[in-house]
Amino acid sequence: MSMGSVRLASSSPADAPVFDVALLRKREDEQRMAEAVRLAVRVFKSKRFGGLIADFDESRAVVEGSDAAALAFVRRFGAHAWHVAGSVRMGSDAAAPVDTSLRVRGCKGLRVVDASVMPRVISGNTQIPSMLIGSRGAEIVLAEHAE
């Protein structure tokens, strides 16, 4: 699966960072999205949803067509709605940009205390895990400054 990035736009702290979510960048991403949108259309067109979802012109092409047809639909109507996480993963290995105390390696005094440190995007909502990361981060900082 594609992995996005966050980088500095310039050396000025006033400039917003540049985000690249890398949507549909790899063939595997495209295949998974085509499968997912076909399944979603089939589910919403089923008898159980009968009358609740309006039919749309592209539905037959999406379900019966090629990956290209499904992806054309996604690119036309799709939108990013994820809770972004995992952009600067925490870990004990040297490749992890953030250590287990939420410190950014090589940047004295800088910590990341949000969903960015999750090693992988979770399958559920990120609100509660983010609150727990924040709570744990506060505990870590308070403990270090109490010494």
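(A) Just the nonpolar core, in detail. Counting eleven residues, the largest nonpolar core consists of Ala 85, Val 88, Val 98, Leu 102, Val 104, Val 112, Ala 115, Val 117, Met 118, Ile 133 and Ile 140. Once you skip the residues sitting within four places of it in the chain, Val 112 turns out to touch Val 88, Val 98, Leu 102, Val 104 and Val 117. Of all hydrophobic cores here, the second largest spans nine residues; its members include Leu 24, Ala 34, Val 41 and Val 62.

(B) Fine view of the environment of Ala 40. For Ala 40, the location among the structural elements is in helix α1 (residues 27-44). In sequence terms Ala 40 and Asp 67 are 27 residues apart; their C-alpha atoms lie 14 Å from each other.

(C) Up close: a nonpolar patch on the surface. Side chains of Val 21, Leu 23 and Val 84 sit close together on the surface and give an oily, nonpolar patch of about 270 Å² of accessible area. Within the secondary structure layout, Val 21 lies in the loop between β2 (18-20) and α1. A relative accessible area of 40% places Val 21 in the partly exposed class.

Calculation criteria
- Residues numbered from 1 in each chain as written.
- Predicted model: local features only at pLDDT ≥ 70, side-chain atom pairs only at ≥ 80, totals over all residues.
- Heavy atoms only, no water.
- Core = buried A, V, L, I, M, F, W, Y, C linked by side-chain atoms within 4.5 Å.
- Buried < 20%, exposed > 50% of the residue type's maximum accessible area, 1.4 Å probe, protein only.
- Contact = heavy atoms within 4.5 Å.
- Helix = DSSP H or I, 4+ residues; strand = E, 2+ residues; numbered from the N terminus.
- Patch = residues over 30% accessible without salt bridge, like charges linked within 9 Å, V, L, I, M, F, W, Y side chains within 5 Å.
- Areas by Shrake-Rupley, 256 points an atom, 1.4 Å probe, with all protein chains shown as cover.
- Salt bridge = Lys/Arg side-chain N within 4 Å of Asp/Glu carboxyl O.

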